[in-house]
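Here is how the chains run, residue by residue.
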Amino acid sequence: MKSKEIRYCEYCGIPLEYSIMSKTNEGEIDSRYCQWCLDNGNFVYQDFEQMLDFLVLNLPREGMDEEESRKYYSDYLRNLPYWRNR
């Protein structure tokens, strides 16, 4: 039995399915990013700190204070393809 590959947004890391994939300026599906990170070919979050602030504020990690959550998400984002070499 073949397992279905799970794709993740290369920008924020959420699991992707077709219905939430982003679109380019031309309206084509861009399967690398979710619609909340890339909107019509433009990144919603302009830099790493803005993305990190959003995650810490809106998706707090259970049992972690803000500093621990910030460290967790910083490490997590740096392992994603978009942020890896930035």
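Please read all numbers here as calculations on a predicted model, not as lab measurements. Within each chain, residues carry numbers counting from 1 in the order of the written sequence. For this predicted model, a pLDDT threshold of at least 70 governs which residues receive local features, and a threshold of 80 or more governs which side-chain atom pairs are given and counted, while totals over whole chains, interfaces and linings are taken from all residues. The side-chain quantities take in all heavy atoms of the structure and omit both hydrogens and water.

Caption draft 1: Spotlight on the overall build of the protein chain. Secondary structure summary: the protein chain contains 2 helices and 6 strands in total. Put simply, DSSP marks the helices as runs of H or I at least four residues long and the strands as runs of E at least two long, and each gets a number from the N terminus on. Each helix and strand of the protein chain, ordered N terminal to C terminal, gives the series β-β-β-β-β-β-α-α. Across its three principal axes, the protein chain shows a C-alpha extent of roughly 40 × 40 × 25 Å. Here the protein chain holds 86 residues, and 31% of them are scored as buried. Partitioning the intrachain contacts of the protein chain with sequence separation of at least 6 by distance along the chain shows that 31% fall at a separation of at least 24. In the form shown here, the protein chain has an accessible surface area of approximately 6,400 Å², with 48% of it arising from carbon and sulfur atoms. Just so you know, the count uses Lys and Arg for positive and Asp and Glu for negative, and it drops His and the chain ends. We put the charge of a Lys on NZ, of an Arg on CZ, of an Asp on CG and of a Glu on CD. Of the side-chain charges in the protein chain, 11 are positive and 16 negative, and the distance between the mean point of each set is 8 Å. Categorising residues by exposure relies on relative accessible area from a 1.4 Å probe, with only protein chains included: less than 20% of the type maximum marks a residue as buried, more than 50% marks it as exposed, and the intermediate range marks it as partly exposed. Note on definitions: a residue-residue contact is assigned when non-hydrogen atoms from the two residues lie within 4.5 Å. Here, Shrake-Rupley sampling with a 1.4 Å probe gives the accessible areas, and only protein chains in the shown set may cover a residue.

Caption draft 2: The arrangement of the nonpolar core in detail. In plain words, nonpolar cores are sets of buried Ala, Val, Leu, Ile, Met, Phe, Trp, Tyr and Cys residues tied together by side-chain atoms within 4.5 Å. With 20 residues, the main nonpolar core has C9, Y11, C37, M51, L77 and W83 as its most contacted residues. Broken down by element, this core gets its largest block of residues, 5 residues, from helix α1 (residues 48–58).

Caption draft 3: A look at a negative patch on the surface. What goes into a patch is any residue over 30% in relative accessible area without a salt bridge, connected to like charges within 9 Å or, for nonpolar side chains (Val, Leu, Ile, Met, Phe, Trp, Tyr), within 5 Å. Here a salt bridge means any side-chain nitrogen of Lys or Arg lying within 4 Å of a carboxyl oxygen belonging to Asp or Glu. Among the surface-exposed residues, D65, E66, E67 and E68 lie close enough to one another that they form a single negatively charged patch. Counting through the fold element by element, E68 comes out in helix α2 (residues 66–78).

Caption draft 4: A look at unusual backbone geometry. We note that N40 has phi near 50 degrees; this positive angle belongs to a residue other than glycine. Take N40: it is sitting in the loop between β5 (38–39) and β6 (42–43).

Caption draft 5: Examining the pairing of strand β4 (residues 29–34) more closely. Strands qualify as paired when DSSP identifies two bridges or more between them. Summarising the sheet, strand β3 (residues 21–23) and β4 pair through 3 bridges and their orientation is antiparallel. Across the sheet, the residue bridging to S22 is D30, located in β4. Two successive antiparallel strands, β3 and β4, enclose a turn made up of 5 residues, where G27 displays a positive phi of approximately 85 degrees.

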